[in-house]
Amino acid sequence: MLDIQKIRADFPILSQQVNGKPLVYFDNGATSQKPQIVIDSIVDYYSRYNANIHRGVHTLSQMATDAYEEARNKIQKHFNAKQPFEIIFTSGTTESINLVANGFGALLQKDDEIIVSALEHHSNIVPWQMLCERSGAKLLVIPMNYDGELLMDEYEKLLSNKTKLVVCNHISNGLGTINPIEFIIEKAHQVNAAVLIDGAQACPHLKPDVQALNVDFYVTSAHKMCGPTGVGILYGKEEWLRKLPPYKGGGEMIATVTFEKTTYADLPHKFEAGTPNICGGIAFGTAIDYMNAVGFENIAQHEHELLEYGTKKLLEIENLEIYGTKNLLQKASVISFNIKGIHPYDIGTIVDKLGIAVRTGHHCAQPIMDFYKIPGTIRASFAFYNTKEEIDIFVEAIKKAKMMLS
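Criteria and thresholds
- Residues numbered from 1 in each chain as written.
- Predicted model: local features only at pLDDT ≥ 70, side-chain atom pairs only at ≥ 80, totals over all residues.
- Heavy atoms only, no water.
- Helix = DSSP H or I, 4+ residues; strand = E, 2+ residues; numbered from the N terminus.
- Rg over C-alpha atoms; globule rule 2.2 N^0.38 Å.
- Buried < 20%, exposed > 50% of the residue type's maximum accessible area, 1.4 Å probe, protein only.
- Contact = heavy atoms within 4.5 Å.
- Areas by Shrake-Rupley, 256 points an atom, 1.4 Å probe, with all protein chains shown as cover.
- Lys, Arg positive; Asp, Glu negative; His and termini not counted.
- Charge placed at Lys NZ, Arg CZ, Asp CG, Glu CD.
- Salt bridge = Lys/Arg side-chain N within 4 Å of Asp/Glu carboxyl O.
- Disulfide = S-S within 2.5 Å.
- Phe/Tyr/Trp six-rings, centres within 6.5 Å; stacked < 30°, edge-to-face > 60°.

Visitor: So what about the overall build of the chain? Which residues, and what values?
Guide: Broken down by element type, the chain carries 14 helices and 17 strands. A globule of 406 residues ought to have a C-alpha radius of gyration of about 22 Å, and the chain, at 22 Å, matches this closely. Overall size of the chain, expressed as C-alpha extent along the three principal axes, is 70 × 55 × 35 Å. Scored against the burial criterion, the 406 residues of the chain give a buried share of 55%. Considering only residue pairs separated by 6 or more positions, the chain has 72% of its internal contacts joining residues 24 or more positions apart. When the accessible surface of the chain is summed, it comes to about 17300 Å², and 52% of that surface belongs to carbon and sulfur atoms. Each charge sign in the chain was given a centre, from 38 positive and 46 negative side chains, and these centres are 3 Å apart.

Rendered as C-alpha cells:
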C-alpha cells in the first residue's frame, strides 16, 4: 500500500491553491507533476556542473557526460533494452515518431502500406500521412467499436505482404483503452512488418519490457513520467537503428567531415545531432529512479482503485456518459465523459474556478471524437499521487457545474 500523503509531500505544486481552492490536479494525461527530487536534479546540474557533453576533456564536461550517460543506462534497464545505444534521446514522443517516419522514407516504395489505429494521437497519425504523401505508400486504419476497443479481426484482414510498418499506441490518451499490443506485434511480424508503439500514455502506469514485447520501436516522453518537458526517448532494435538514415545533420552525429563526404557516428550518436537537453536527460533518469522506488505494481493498484471509484461516482450523475471500454481491467486511470446537452469546455471552465484541473476538448485525437460525433470530452486522468477524496471534490464540482448549465 502506498503512503499517499507522504508521496504528495514530494510534489510541491500539490500543496498550492488555485482560485482560492486546494488544487485538484486531474490532467496527468497531458503532463504529470514533478517531485522535488527531479526539480533538485535540474538545479544541481545548472548550479554545479553545467557543461556540454561528449566534447570536453575538462572536469565539468566529463561530469556532465557521465551523468547524462548514466541516465541513458537507467532508462535502458528500466525498459529492458538489450544495449544502451538502443536508447536514443529526443525532445519527446513526437520527435521520436518523426525520426522513425523520416527514416522509413528511404525504405518505402510506392503502394507499400502503413497501418495505424483509430485510437491514435495526432502525433502518431500526421507524420505517417506526411510520409505516405512523400513516398506513395498507403495509410490503412484499424477500426474501433463504440466501447473504444480496436477490432482485431479487422486488423488481421489489413495485414499483407505490402505491410511495412504497424503503428499503435499502447494506451489511448483520449479514452484510456489499453490496446492488445502483444497480439498486434506478433501478427505484424508474421508478415515481416516492423512495429512502432507509442508509449507516452502507458509509461506512467506500467513498465514495458521491450525485449519481452519483441517490439521494433517504442517511444515515450519524460514529462508524463514525473520528469521534465522537452525530453523523451526512442527505443529501437539495433538492427533497425542501423538501417535508418540519420534524422538531422550537425555536430555530434558525425565520425568525419570533409567537403567531399561525411561519415556518421555510431549509435546512439548517429541520431543525436547538436547539443541535447542535457539536464532534461539527467532529470529523466532521476524521475525513473523515483517511480521505481514508488513501485509500478503499487502505482497500478492504486490507480486502478481510483479508476473504479471515479467511474462508479461519476455514473451516479444523471445524463453522464463515459466513453471507452467498460472493462476496467483493460483501461488505464482515465475517464473521458460528457453530460448530455452541455459542452465539455463549459464544464471545464466552471470546475477550474473550483480549483480542479481537467482537460477538455478533442485531446489531439479528433478521429475518436468524430467517431462518437461529439466535439470533445471532459477527461479526468489520475496519477498515483491522487486520492479518492479529490475524486469526491471533483464529482461535487461536476454536479454543481451541471446544475448551473442546465
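Visitor: Describe in detail the pattern of salt bridges, supporting the description with residues and values.
Guide: Tallying each qualifying case throughout the model produces 18 salt bridges. A salt bridge links Asp289 to Lys74; the shortest N-O distance between them is 2.6 Å. Placement of Asp289 in helix α10 (residues 278–294) and of Lys74 in helix α3 (residues 59–79) is noted, with a sequence separation of 215 residues between them. Measuring nitrogen to oxygen at the nearest pair gives 3.5 Å for the salt bridge that ties Glu156 to Lys187. Here Glu156 is found in helix α6 (residues 152–158), whereas its partner Lys187 is found in helix α7 (residues 181–190), with 31 residues between them in sequence.

Visitor: Can you tell me about the state of the cysteines, naming the residues and giving the values?
Guide: Scanning all chains against the criterion turns up zero disulfides. Distance from the sulfur of Cys168, which forms no disulfide, to the nearest cysteine sulfur (Cys203) is 14 Å. On the basis of relative accessibility, which here comes to 0%, the residue Cys168 falls in the buried class. Here Cys364 is not cross-linked by a disulfide; its sulfur's nearest cysteine counterpart is in Cys168, at 17 Å. When its relative accessible area of 34% is taken as the criterion, Cys364 is described as partly exposed.

Visitor: Describe the packing of aromatic side chains, and please don't skip the residues or the numbers.
Guide: Considering all chains together, one arrives at 18 aromatic pairs under this definition. Considering the side-chain rings of Phe217 and Trp240, the 6.0 Å spacing of their centres and the 55° angle between planes classify their relative orientation as tilted. With a gap of 23 residues between them, Phe217 in strand β9 (residues 217–221) and Trp240 in helix α9 (residues 238–243) connect regions that are remote in the sequence. Looking at Trp240, the relative accessible area reads 12%, which means it is buried.

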